Each structure stands twice: as C-alpha cells, then as structure tokens.
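Single-letter residue listing:
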Amino acid sequence: MQKINRNVLVEKAVSLLENGTVCCVLGWKKGEFDYDITPAVFTTKEDIEANFVFDDFCGANFSKYLVQKTRKAEGKILVFLKSCDTYSFNQLLTEHRFDREKVYAVGIPCEGMVDINKIRAISGEGISSVECGEKITVNTIYDEKFEINASDVLLERCESCKSKLHVAYDELIGEEGEVLESNRFDEVAKLEAMTPDERFAFWQSELSKCIRCNACRDVCPACTCEKCVFDNPKSGVENKAPANEFEEKMFHIIRAFHVAGRCTDCGECSRVCPQHIPLHLLNRKFIKDINEFYGDYQAGAEVGSRAPLANYTTGDIEPSEVFDGRGE
Amino acid sequence: MQRIGVFVCWCGTNIAGTVDVVAVAEALKKEPGVVFSANYQYMCSQAGQDLIKAAVKEHNLTGIVVCSCSPRMHEATFRKTAAAAGLNPYMVEIANIREQCSWVHKDVPTGTEKAIILGKAAVAKVNLNVPLTPGESPVTKRALVIGGGIAGIQTALDIADAGFEVDIVEKKPTIGGKMAQLDKTFPTLDCAACILTPKMVDVAQNEKIRIFSYSEVTEVKGFVGNFDVTIKKKARYVKEELCTGCGACTEKCPMKKVPNDFNLNMDTKRAIYIPFAQAVPKVATIDADYCNMLKNGKCGVCSKVCAAGAIDYTQKDEFISEKYGAIVVATGFNPISMDKFDEFAYNQSKDVITSLEFERLTNAAGPTAGKLLRPSDGKHPEKIVFVQCVGSRCDACNEKGKEYCSKICCMYTAKHAMLTRDKYPDTDVTVFYIDVRTPGKNFDEFYRRAVEEYGVHYIKGMVGKVIPDGEKLIVQASDLIAGKQLKIDADLVVLAAAIEPDKSARPLATMLTASMDTNDFFTEAHPKLRPVESPTAGVFLSGACQGPKDIPETVAQAGAAASKVIGLLAKDKLTGNPCVAQSNEMMCNGCSTCERVCPYGAITYEDKEFRMPDRSTLIRRVASVNPAVCQGCGCCTVACPSGAMDLKGFASEQIIAEVDAICK
C-alpha cells in the first residue's frame, strides 16, 4: 500500500492549478479496469477531483510525456515523479529534450508498484475488480475473492528498487529516501553464467514472443528520437512484423544499443510488454558492463553527466583488455 | 545514375601475379552503373593516367573506380587525374587490391575472387558519391616543441632559423635533456657539454624561441594549423624574470639532503637548486617536497639571501593557453628501471650501476668530479665488468625487458671501456655482449680501437648472475666462444640498461591522438617515406620518442622534423578535408551527444524554427557542424543516437552499400 493518499496529491494539483503555477497536470486515471491505470492530462479542478488516481498500479513514468507536452503547453506542467522517474527526468534534461522552466516537478514517495500478472498468477483469469488497501483485494467473475500482500506481487523493477532518492524535483511530498543496495544485477549475472548456447536459447525463446507492438519503444524515456529508425522506411525494419528470427532479435538488440549508456533502468519496457519479455535484462547487461569497465555510472543521477560510452578518459579500459578479460 | 569507369591496375606483377586483372575488369563491367572497364600495367604512370582521362571524356564518366594499391599511396594521384579530366576529385574511389588482396593471397583464384568483391564494393560506393568541395583553414605560424633535449633544441633552432616562432616545453627546470648528463660522445669523443651548451645558449638567446621550463602540456585541442594547447607552468617558487642565477640561495639553503636527480641520486643537492652550471634558463627551483618553508613554514633563508627578491613561496601552478600550427614531439627516453633485474644485484650493491650513472661518475661536473671511484667506498675500481643488452633484445615472453635493440649501448659501452682504459691503464675492463652492433659512420673502427688499441676484453656471452661478496662482486657468465662458464671478480659492474620512451609520452600521445607502437614509441606516418611525421596531421616526431637513436641520428631527425614544420608553417592556408560531418536537422534531437564527443569542438547547437505539417512553428534545438573545424573523424556519427549525423564521403548509406556489395 502506498504511504501517501491520493487526496494529498489531488489537493496539491488543484492548488497549483488554481494559483496559476501550472496550466495542466500529468497524472494517473482509471482505465478500463481497476488495475489498468493510465497516464492522463488534467486541466480542470473538477476533472482532477473526479478522476485522479494514485494507488499500487500507478507504475507509469511521466518523464517522457514532457518532451511533447512542454512544446505545446502555454504555461508550466505539473508532473508527479516517483524516485525512479526522476532519473529519467534528469536524463532527458541532460539530452536537452525539454525545457526545465516549463515543468513543475513534485517528488512523491513510492512503496513499490504491483504487477497485475503476478496477481493473475494467484487469482487466475477473470479479475472483475481490484481494491488497493492494507492488502490488495481481488474479486473475480467466478465470485472468488483474494487478499494479497502488495509486497508479494511487486513489479520486478520495484523488487530490485535501486533508489528511493529523488534526484530532481521542485517540491517533495513526504520524506526523502536514499539510494538502495539493489540486487538488480543478479539476474544478469545468471545470464552471464550461461554458456553462449544456453544464453542464445534463452533469448531466442524470449524474443520470439515479440509481436512488434512497439510498446517498449513507445514507453521508453530514452527513446525520444524525432524520427525513430524503426519508423524510417529506408531502414528496412520499419513497422515490420517479426517475420524471421533475425528481425525479432535485431529489433530489441538495436534498441538496447540505442539506449546503452542512457538507459536509467526505469523498467518501463518490461512493465508494458504484453508478451512479458524481460527486456530490462538487455539494458541491465549494458549497465552492468559499463559499471564494471568504467566505474559505477547511473544515467540521470545528475543533469549533464557524461555517459562513459560517450566520453573518453585516459584511464579508460583498452578494448583488448575488454576482450581478454571477457571474451568467450 | 552514375556512369562509372573501372580501371584495374596490374602494378607490374605486384597485383597481376596473384590477381587475374582481365577477369576483374570483365566482372566489374557488369556491375550497376559501370559503363567502361579497362586494365593497364601501371595505372599511376603518365600513360595510365592518360587512359583514365581519355575514358572520362569518351564515355562521359561521372565516377571512377581504380582497383590498385592502398589509397594512402595513390588516392591523391587519381583524384588529381580526375580533376584534370574535369571530374570532381571526390568521385574517385580506390579498391585496394594490392595490400589487402594480392599481397596477402597466394593463389590466383582466391586473389581474383576477392579483388572482384573489393571492386564491387567500391562501385557500390561510387554510385552514391556526390561531388564535394574542400574548404580552407588558416595556419597559426608558430610551432610547439615538446621536450627540450638535443632533439627538441635542434628542431626549435632550425624552425626559428627559418623565421617562425617556436615554444619549447620542458618538464625539467632546464633544457638539455639526457645529453647534458653525458660525459663524452662517440665516436669522436668530444665532450657532450662542449657541443651541447652552445646550442642551449643559442636557444636562450634566440628571439623567436620561448622556453617553458618546468612545464608540461596538459591539453591539446584543434587540428593541423590550429592547435589550442594548454601548458602547465609548475610552481618553482622562484620568479623566473627576476632570478639572476647567482646561486646564493643554493649555497645557503640549510636543507642539504635532497637526492640529486641530475646525478641520478648518487649525491645530494639543496632544496633550492640549479641542476647544473650551464642550465638554461639559469633559474633556481625549489623542491617543494623538501623545502622547510613550503612544508612547515619555517626557514625562509633563500628569500633572505636573494638580492633580486625572486623567491615567491606563494607561487601557484600557472596554466597558459597558446595557439600553434604544428607540434613536434621530442619527449626522449629513459633507461629502464633495474628493479626487476635482481640477478645483477643492482639493488643489493652500490657498485652495480647503470651506464648513465657511469657517465655521471666520469663527468667532471658529476658527484666524484670526474674521478672514477666506486660508489660504495670511494676507492678506485681495478676490475670493471660491463654487461650489455640488460633488458634489450629480450624474448617476447620475458616481461622484464624489451624485445627491441636499444641501439646505443654497444657504442657507449665501447666508449666507456675505451675511456676507462685510457685514463686508468691499470684497470682491467671486460665487456660481455650478445652481438656487437656498430653500423654507423666510423662506429666499427671505434669499437675495434677499443679492442685492439686499448685492450678491452670482449667476451661473447651473457652474465647470469652478479653476487656481492664483501668488497668484491662475483660475476658468473658464459663464454660462448670458448664454450665455458666463467666466474670472475669485479670491483664495479656497469649495466647497459635498455632504453624506453619517457613515461610522459603515452598520455601525450592520447592528447595528440598520435599513434604509438606496443613499446610506446611514437609511430611514424610511413616507416620509410615519412619517418618524421606522425600519422596525425600537424604532429611531427623528433629524436628517441620515435625509436632508439644516438645523437647524430637524433640531430638529423630533428632537422628533418623542423623542415617538415617549416613547410607547413610557410603556407598561409591549408586546404581542408571536405569529408566532414553534417547533421540532418529533421532527425536531430538536439541531445548534445555529438557535441560532447567531438574532439575538435566543431559542433554547436542552435534553436531553429521548423514549420510543422499543420503549419504551426516549432522551435527545436539542433546540431550544426563548423566544416572549417571538423576533421571528419566520424566520432559524432557513431555517437548520434538518432542517426542524424552523417559523414560526407563516408555516409552510412555508402558504407552499408559497400557491405551489401561484399555480402551479396
């Protein structure tokens, strides 16, 4: 359960809207189902009071929305940022993707968001309603009722939360957290321990599920190119269904390369994947390698930091050492 | 559609020996866009070039593919040929079917197949080539010489002599380098100081030359003709412009136990010092590690005795920015550390010394005032053993030493042996060697004099071990010619330590983007034909930083480097490279990644208005490249996350077309 009540955020949003600090609010609202919380833009007090939601399903990271929203907005935009979202926020600022002056950022505490798929694994299909309280109460169309601890069904990225520290905000609600000791690289280490054949088989099995819906790309805060290579007819990979093995792998591998060094490990790609592909593992492998080769680096920890892959120091590891040390 | 002509060169038998040139010409004729194809014995000859010119006219060619040697050899030639025929020179592509094909393959079928593939790739690229026009950039008419040894001194003097300004950056408090530490020089045996110090004075007196002593280069930006260099003038706590070099401070300084690095720590100096009598600039320097005033604020004697008021304990490192058109690297060498060579007991016995230490022991300005005395007890050594190739010519698997020959050791050892026998005929001198290498003018005669006239014992064989035994040293060695093991006594053992590039060279190479070999010697642009130029335009090599050299060779190379610099500085404008980056503004995200990776500072950002499809206006931040500054390195094109940055002449599209042609 989230420590902070929805009403606190509604009050904050309404007061900032009413006193003219901001002209619109980026927040969450209910979707088709209780667990289907979607991002929304609110411009009126009434809309906020009626539809603004904050519960255990508010995983969406709003940072990326600022790229487009700030271009059009007349005034400032209020955005609520969980600690993990603030890293994406800073990374986008590093890349000059939006005007900081046009944003009013409010940091909010987060106890971890839950994964509906993990709930489904307990309750089975046919969820009719979900209520977030001390426990998560799940009702199904078969008149079954489940009471589940949120901590048992957290999103993978929240289980291995890397930081409760907000690295950017204009105003913070609640208490400041700190950078956590995370076990987020354990899964990567397991992949590294595999033989190349095993690893190939693992990724082949995972990536072959891809339906090329582009959700991972669309949600990714690092994927903000004016024109995406996958939308470019000349690229030869534009909006293409994964017709063969090569294409299904290349899409994700190209994407991982494109965001390497810029990915903050916000975990949105895996959260939104309808095929439940653990896409974050590709990015985490890059992050782990970068940390090991060039020293710890967290994209978005500060604005303007130079990612090791786009930087050069005389102390950098020689390519030959990379190969000798890790070549297979 | 291009109209492409393909010209396959035989290069005598260099290519035609392993490549069926007729078959290559025939095969490429079928490639898209190719309208003419020919082969000829020497395409680079006048007749070959005329063939190309005639074909351009006759077949209205718009692009040319020359299948020949490496573009490093003749790309410029064929570009000029194209220009003479009225084509844009950048419509020429070279398929390297010599170095990358005929020379590496042994049989004709393989060579021919590969030559055809390389030709196809070049044709695929030319199909996408567009005419390019180079820009021009100005030349800063001043040179920087890094290192103030004999190499740097000679280069600076020669450049200044041609009328250009030169700055020397020397990390030690004085110029002079290793040569200033030597006693006599082979093969003529004139005194090193007698021939070097006049040159040092020339440098000091030359109006065109500035010396930044006790200074280091910390940052290099820019490119040929327009380098921006930051020089760190280390705090020497003495105002250079006031110090007269009278030496009063160095006599009165109470801190007497400072190791004297000029004498290789065989004696001591004061905490404020002038390295040697003929130092240039003759200015005192305070060693901050030893000065009591700087360490704990107690003393100030030098300040009291200085009549000129030159002492300044508050001095700080100073950073100076200067512009240069050319940079000469003259960072020199050092003997390798003997720490790993325990078998020679260098660290166990004071009487095992290196040859450079021997130079100081025989130098009149050295710790023993030129008397050859044992460091341990100050007695005259009666038996001296010289060991050559210590750390030189080692096996690749031997991690202690170097694979290369240090080149100078045979000669200086012969010199040491000869001088010892000359001055102290009662001394018994033995030299252990692997080979004696004396290929220089009057070198072999010199060595033979040591053996024949001076009676130096030369024994072919390596020393296995030196064992300190009381006052003596026992030398265990093999005599390969007699085929026996030797055990001889010695009072002094002199090790001809291998030489290696100065440690400052590696970080400097990084700053200069100049390449180095595995031993950290700077690589020349061409080992035979461009020996004093680095592959990085505007960076030149002088002296031992490029490889082991003796003084005559160093001076010759220094002069050669100077002449190359003069040739560059004499130009008012340099024709740029039109293969520069350009940003596709429609795709640019304005993320600044390219700006951060650009080594030349060629990329800036601007807010630009864009008309959107719905007729609204959008202001976006986009990259723009300054073509005069861009060197076409391509860093930005690979760093750009959105693929907006591309390199003219090497566009991603062209490279993919080449790869496709190869993989088809």
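Keep in mind it's a predicted model, so treat the numbers as computed, not measured. All residue numbers here refer to positions counted from 1 along the written sequence of the relevant chain. Lettering of chains starts at A and numbering of ligands starts at 1, both following the order in which they are written. Under the rules for a predicted model, residues below a pLDDT of 70 receive no local features and side-chain atom pairs below 80 are neither given nor counted, while totals for whole chains, interfaces and linings still include all residues. Excluding hydrogens and water, the side-chain figures rest on all heavy atoms present in the structure.

Re the overall build of chain A
Filter applied, for reference: Under the DSSP-based scheme used, a helix requires at least four consecutive residues in state H or I and a strand at least two consecutive residues in state E, with every element numbered from the N terminus. The atom set for the radius of gyration is the C-alpha atoms, and the globule formula is 2.2 Å times the number of residues raised to the power 0.38. In this description, contact between two residues means that some pair of their heavy atoms is separated by no more than 4.5 Å. Note on areas: Shrake-Rupley with a 1.4 Å probe; residue coverage comes only from the protein chains shown. In this tally Asp and Glu are treated as negative and Lys and Arg as positive; neither His nor the chain ends contributes. Each charge is placed at NZ for Lys, CZ for Arg, CG for Asp and CD for Glu.
The helix and strand tally for chain A stands at 13 helices and nine strands. Computed over its C-alpha atoms, the radius of gyration of chain A comes to 21 Å, within 12% of the 20 Å expected for a compact globule of 328 residues. In terms of its C-alpha atoms, chain A occupies a principal-axis envelope of roughly 60 × 50 × 45 Å. Across chain A, the fraction of contacts at a sequence separation of at least 24, relative to all contacts at a separation of at least 6, is 69%. With an accessible surface of roughly 15700 Å², chain A has 50% of that area assigned to carbon and sulfur atoms. Chain A carries 40 positive and 56 negative side-chain charges, and their two centres are separated by 5 Å.

A closer look at the nonpolar core
This is how the line gets drawn: As used here, the term nonpolar core means buried Ala, Val, Leu, Ile, Met, Phe, Trp, Tyr and Cys residues forming a set that is joined through side-chain atoms within 4.5 Å. With a 1.4 Å probe rolled over the protein chains alone, any residue whose accessible area is under 20% of its type maximum counts as buried; one over 50% counts as exposed, and the rest are partly exposed.
By size, the foremost hydrophobic cluster in this structure holds 60 residues, and its most contacted members are Ile-603 and Met-645 of chain B. Ranked by residues supplied to this core, first place goes to helix H7 (residues 150-161) of chain B with seven residues. In this structure, Phe-42, Val-103, Ile-116 and Leu-154 of chain A belong to the second largest nonpolar core, which totals 59 residues.

Considerations on the side chain of Gln-181 of chain B
Residues and elements named next belong to chain B. Here is the rule: Between N or O atoms, a polar contact is any pair within 3.5 Å; within protein, one atom must be a potential hydrogen donor and the other a potential acceptor, and residues adjacent in sequence are included only when both atoms are from side chains.
Position of Gln-181 relative to the elements: it lies in the loop between strand S7 (165-169) and strand S8 (184-185). Judged by its relative accessible area of 8%, Gln-181 falls in the buried class. A polar contact is formed between the side chain of Gln-181 and the backbone oxygen of Phe-262, at a distance of 2.9 Å. If sequence neighbours within four positions are ignored, Gln-181 has contacts with Asp-261, Phe-262, Leu-264, Leu-356, Glu-359, Arg-360 and Asn-363.

Digging into the sheet that holds strand S10 (residues 209-212) of chain B
Residues and elements named next belong to chain B. The cut-off we apply is this: When DSSP locates at least two bridges between a pair of strands, those strands are taken to pair. The angle between two axes is taken between their N-to-C directions and runs from 0 to 180 degrees, where each axis is a line fitted to C-alpha atoms and a helix contributes only its stretch in contact.
With parallel pairing, five strands are arranged side by side in an open sheet as S10-S7-S6-S18-S29. Unpaired on one side and paired on the other, S10 and strand S29 (539-541) mark the two borders of the sheet. Neighbour-to-neighbour, the strand axes of this sheet turn through a mean angle of 20°, independent of strand direction. Both S7 and S10 contribute to a ladder of four bridges, which runs parallel. Bridging from a neighbouring strand, Val-166 pairs with Ile-209 of S10. Strands in contact with H7 are strand S6 (142-146), S7, S10 and strand S18 (326-329); relative to S7, the strand with the most contacts, it is inclined by about 165°.

Looking at the state of the cysteines
Residue and element names in this part refer to chain B. Heads up, the rule is: Here, a disulfide means two cysteine sulfur atoms that sit within 2.5 Å of each other.
Inspection of the entire model under this criterion finds one disulfide over all chains. With its sulfur 2.4 Å from that of its partner, Cys-191 forms a disulfide with Cys-194. Handedness here is read from the sign of the S-S torsion; for Cys-191 and Cys-194, about 90°, the answer is right-handed. The class for Cys-191 is partly exposed, based on a relative accessible area of 23%. Cys-194 gets classed as exposed once you look at its relative accessible area, which sits at 52%.

Here's the deal with the interface of chain A and chain B
The parts lose accessible area when they come together, and the size of an interface is often stated as this lost area. The criterion, for reference: The term buried area denotes the loss of accessible surface (1.4 Å probe radius) that occurs when two parts are joined, taken as the sum for both partners. Note on definitions: salt bridges are taken to be side-chain nitrogens of Lys or Arg within 4 Å of carboxyl oxygens of Asp or Glu. All residues other than Ala, Val, Leu, Ile, Met, Phe, Trp, Tyr, Cys, Pro, Asp, Glu, Lys and Arg, Gly among them, are scored as polar; the first ten of these are nonpolar and the last four charged.
Taken together, the contacts link 17 residues of chain A with 17 residues of chain B. Across the chain A/chain B interface, buried area totals approximately 1400 Å², and carbon plus sulfur atoms make up 57% of it. Between chain A and chain B we count one salt bridge in total. Between Glu-226 of chain A and Arg-620 of chain B there is a salt bridge, and its shortest N-O distance comes to 3.7 Å. Here chain A is connected to chain B by five residue pairs in polar contact (both at pLDDT 80 or more). Across the side of chain A that touches chain B, the residue classes tally to three nonpolar, six polar and eight charged.

As for the sheet that holds strand S23 (residues 457-460) of chain B
Residue and element names in this part refer to chain B. With parallel pairing, five strands are arranged side by side in an open sheet as S20-S27-S21-S22-S23. Two strands lie at the open edges of the sheet, namely strand S20 (352-354) and S23, each paired on one side alone. Between one strand axis and the next, the sheet turns by 25° as a mean value, whatever way the strands run. Looking at chain direction, strand S22 (residues 428-433) and S23 are connected through four bridges and run parallel. Across the sheet, Thr-430 pairs through a bridge with His-457, a residue of S23. On the sheet, helix H13 (residues 409-423) packs against strand S21 (383-390), S22, S23 and strand S27 (492-497) and is oriented at approximately 175° with respect to S21.

What about a nonpolar patch on the surface?
Operational definition: Residues enter patches when their relative accessible area tops 30% and they take part in no salt bridge; the joining distance is 9 Å for like charges and 5 Å for the nonpolar side chains Val, Leu, Ile, Met, Phe, Trp and Tyr.
A surface patch of nonpolar side chains, about 250 Å² in accessible area, is lined by Phe-650, Ile-655 and Val-659 of chain B. With respect to the helices, strands and loops of the structure, Phe-650 of chain B is situated in the loop between strand S34 (645-647) and helix H19 (652-663).

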